[in-house]
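Understanding the architecture of this molecule
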Amino acid sequence: MPFYEYDEERFFRSDDPPADIAWRRRAGFVRLAELFRKRFAQTRRLTAELEVTLSDLQFTTAYRVPFQYSRFVRRHLDAGALVASSEGVSLTDLDGNRFFDLTGSYGVNLFGYDFYKGCIERGSDRVRALGPVLGAYHPVIISNVNRLREISALDEVSFHMSGTEAVMQAVRLARYHTRRLHLVRFSGAYHGWWGDVQPGVGNPVPARETYTLRDMDRASLRILRGRRDIACVLVNPGQSLHPNASAPSDSTLVDSARRAHFDREAYAAWLKELRAVCTERDIVLVFDEVLVGFRLALGGAQEYFGVRADMVVYGKTLGGGLPIGALCGRRDLMKRFRDDRPTDFCFARGTFNSHPYVMAAMHEFLSHLQMPEVHESYANLDQVWNARACRLNELLREADVPLEIANLSSIWTVCYTRPSRYNWMLQYYLRAQGLALSWIGTGRLIFSLNYTDADFDAVTNRFVAAACAMRDDGWWWTDGSVTNKSIRRRIAREVLARFL
Ligand SMILES: Cc1ncc(COP(=O)(O)O)c(C=O)c1O
């Protein structure tokens, strides 16, 4: 795909609106740009300086909106990427602006930032005498292992430094024990950024031992039944919100084709069938619960969907606010050497694994889960979050804006109900209303469970206000003839023109 971009004129007219609509868009954009310039002045200035030498920031900044619009948006609608503090459900930037946090720190923030500050503080106190000693363990690890065994209903545990590494370890062990090379992942599923689980765009090396099959599809079960070279199947239960589609990101929001819908029963039934086939063919079934673990139920996705895996990967929130990946598995699969062949082992290390400070923060996190009031709160989690999504959808309908929320409990995505090329603008209207999203924008909102009804009402009101402002500025204009297909055809023509 060759690069091309719209000039300022085309930026507002990429769907050929009448002149007055283009003018309204421009006026709205100028108003937002002015507001961003004033409100986020200090945060923007320091972010721009940092961006020159922080490659990660360059990447996330570039991929917030479709590339044709990206440079112009970056120049004018930058809110900065530096924050000074967190409190309750809010973040505060360097200019003192407070935002409702809808990012959830990529899902780490399950119980609210103040809770994790407490985990880190109390945890640090507990291991202070030992400090950052590695190799030997602080005894706090014992209770962590026991709790994780209970939660996962599996025999053994290994600790890693990220979800990506824990997934790598699961796959390596599955290959070692089955003596088969191939892994299966489902279309669109994210399992971290290790090459073998991230085939295709973004990975310069072909993942030759990876099969990508269709999620929730009988044909995939037939393939699994018919082959003898598959070591493991990786399942990311977060995909149940959008099977066979990548984690939705606003950088790919070129039209309104994004769809999402969660059907717990259907996904549970699929997992049961998958479980049966894996058992039948001795394929290791790995649940990657890095994102959803502890968010859906105390016993994670295994409990929520009523299906047991052979290995389960946890991460994110488990570290009590510090970096973590953990693998739980059946004893026979977790063993890293063979008693009868001393030179045949499955290597895995990691300097910082089981770091005392991480183990201590994790201990605080896991202890919290055992409190009766936390147990109780899990009982009606879905009810609470489904009701909130429902209420927002009602208000969006009443306001006559083309938006619809789909949700998997507290993980939400915004879908767009009318074909448009400008849906990605919503993230900037939301920001102007004091709602902070992560770099993938409206594709994924992840809420922490400490949102009160009052907090949520405030978010709801601001969300609707942002959507109304965007509508009034003309971004969702249509003459009725535009379809998602016609938008894509048009983009294809633009791309083709670059080749010619
Ligand atoms: C399902 C899933 N697996 C694995 C990972 C990778 O974890 P980490 O970013 O800690 O390496 C993620 C991260 O977002 C994830 O969502």
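Figured I'd write up the structure that's included with this text.

The rules behind the values
- Residues numbered from 1 in each chain as written.
- Predicted model: local features only at pLDDT ≥ 70, side-chain atom pairs only at ≥ 80, totals over all residues.
- Heavy atoms only, no water.
- Near = heavy atom within 4 Å.
- Polar contact = N/O pair within 3.5 Å; in protein donor to acceptor, adjacent residues only side chain to side chain.
- Areas by Shrake-Rupley, 256 points an atom, 1.4 Å probe, with all protein chains shown as cover.
- Nonpolar A, V, L, I, M, F, W, Y, C, P; charged D, E, K, R; others polar.
- Core = buried A, V, L, I, M, F, W, Y, C linked by side-chain atoms within 4.5 Å.
- Buried < 20%, exposed > 50% of the residue type's maximum accessible area, 1.4 Å probe, protein only.
- Contact = heavy atoms within 4.5 Å.
- Helix = DSSP H or I, 4+ residues; strand = E, 2+ residues; numbered from the N terminus.
- Pairing = 2+ DSSP bridges.
- Axes fitted to C-alpha atoms, helices over the stretch in contact; angles between N-to-C directions.
- Parallel < 35°, antiparallel > 145°, perpendicular 65-115°, else oblique.
- Arc of directions from axis to C-beta.
- Salt bridge = Lys/Arg side-chain N within 4 Å of Asp/Glu carboxyl O.

**Description of the site of the ligand**
Taken together, S162, G163, T164, Y190, H191, G192, N236, D288, V290, L291 and K316 are the residues near the ligand. One of the backbone N or O atoms of G163 is found 2.9 Å from an oxygen atom in the ligand. T164 places a side-chain nitrogen or oxygen 2.6 Å from an oxygen atom of the ligand. For the ligand, whose accessible area on its own is 390 Å², the fraction buried by protein is 81%. Across the shell around the ligand, the residue classes tally to three nonpolar, six polar and two charged.

**A word on the nonpolar core**
In summary, soluble globular proteins display a tendency toward joint burial of nonpolar side chains. Counting residues in each nonpolar core, the largest one holds 125 residues, and the members touching the most others are L148, L274, F294 and F463. Among all residues touching F294, those that are not within four sequence positions of it are L110, L148, I151, G300, Y314, T317, L318, F365, L366, L369 and Y378. Judged by nonpolar contacts, the second largest core, of 21 residues, contains V171, L234, L327 and L333.

**Quick word on the environment of S158**
By the secondary structure assignment, S158 is in strand β4 (residues 156-160). Placed 101 residues apart in sequence, S158 and R259 show a C-alpha to C-alpha distance of 37 Å. Ignoring sequence-local partners within four residues, the contact set of S158 consists of Q169, G325, A326, L327, M334 and R336. Among the polar contacts listed, one links the side chain of S158 to the side chain of H160, at a separation of 2.7 Å.

**Comments concerning the sheet that holds strand β8 (residues 284-288)**
A sheet is described by the order of its strands in space; here seven strands give the open sequence β4-β10-β9-β8-β7-β5-β6, paired in mixed fashion. Here the strands that pair on one side only, and so sit at the sheet edges, are β4 and β6 (210-213). Strand-to-strand twist across the sheet, computed as the mean angle between neighbouring axes with direction ignored, equals 20 degrees. The strands touched by helix α10 (residues 264-281) are β5 (182-186), β7 (230-235) and β8; relative to β7, the strand with the most contacts, the crossing angle is about 165 degrees.

**Re the packing of helix α9 (residues 218-226) against α10**
At a closest axis distance of 9 Å, the pairing of α9 and α10 adopts a crossing angle of 10 degrees. One element, α9, and the other, α10, form an angle in the roughly parallel class. Contacts from R218, S220, L221, L224 and R225 in α9 reach W270, E273, L274, V277, E280 and R281 in α10. Residues belonging to the contact of α9 with α10 are distributed by class as follows: five nonpolar, one polar and five charged.

**Notes on α9**
Of all the residues in α9, the buried ones are S220, L221 and L224. Buried residues of α9 fall within an arc of 100 degrees about the axis and therefore sit on the same side. α9 presents R218, R222 and G226 as exposed residues on the side facing more than 90 degrees away from its buried surface. Buried residues in α9 make contact with β5, β6, β7 and α10. Between a side-chain oxygen at the N-terminus of α9 and the backbone nitrogen of A219 the separation is 2.9 Å; the capping residue is D217.

**Describing the packing of helix α2 (residues 19-39) against helix α5 (residues 67-76)**
Following both chains from N to C, one finds α2 and α5 inclined at 45 degrees, their axes separated by 9 Å at the closest point. On the basis of their axis angle, the class for α2 and α5 is oblique. Note on element contacts: α5 touches α2 through F72, V73 and H76, opposite F29, A33, F36 and R37.

**What to know about the pattern of salt bridges**
Pairing between side chains of opposite charge can happen when their charged atoms approach one another. Counted by the stated rule, this structure contains 35 salt bridges. For E5, the salt bridge is made with R71, and the minimal N-O distance between the two is 2.6 Å. In this pair, E5 is assigned in the segment before α1 (8-11) and R71 in helix α5, connecting sequence segments 66 residues apart. The class for E5 is partly exposed, based on a relative accessible area of 32%. Take R71: its relative accessible area is 42%, and that puts it in the partly exposed class. The salt bridge involving R488 is made with D255; its shortest N-O contact spans 2.6 Å. Linking R488 in helix α18 (residues 484-499) with D255 in the loop between β7 and α10, this pair joins segments that are 233 residues apart in sequence. When salt bridges that share partners are traced, they join R10, D16, R421, R490 and E494 into one network.

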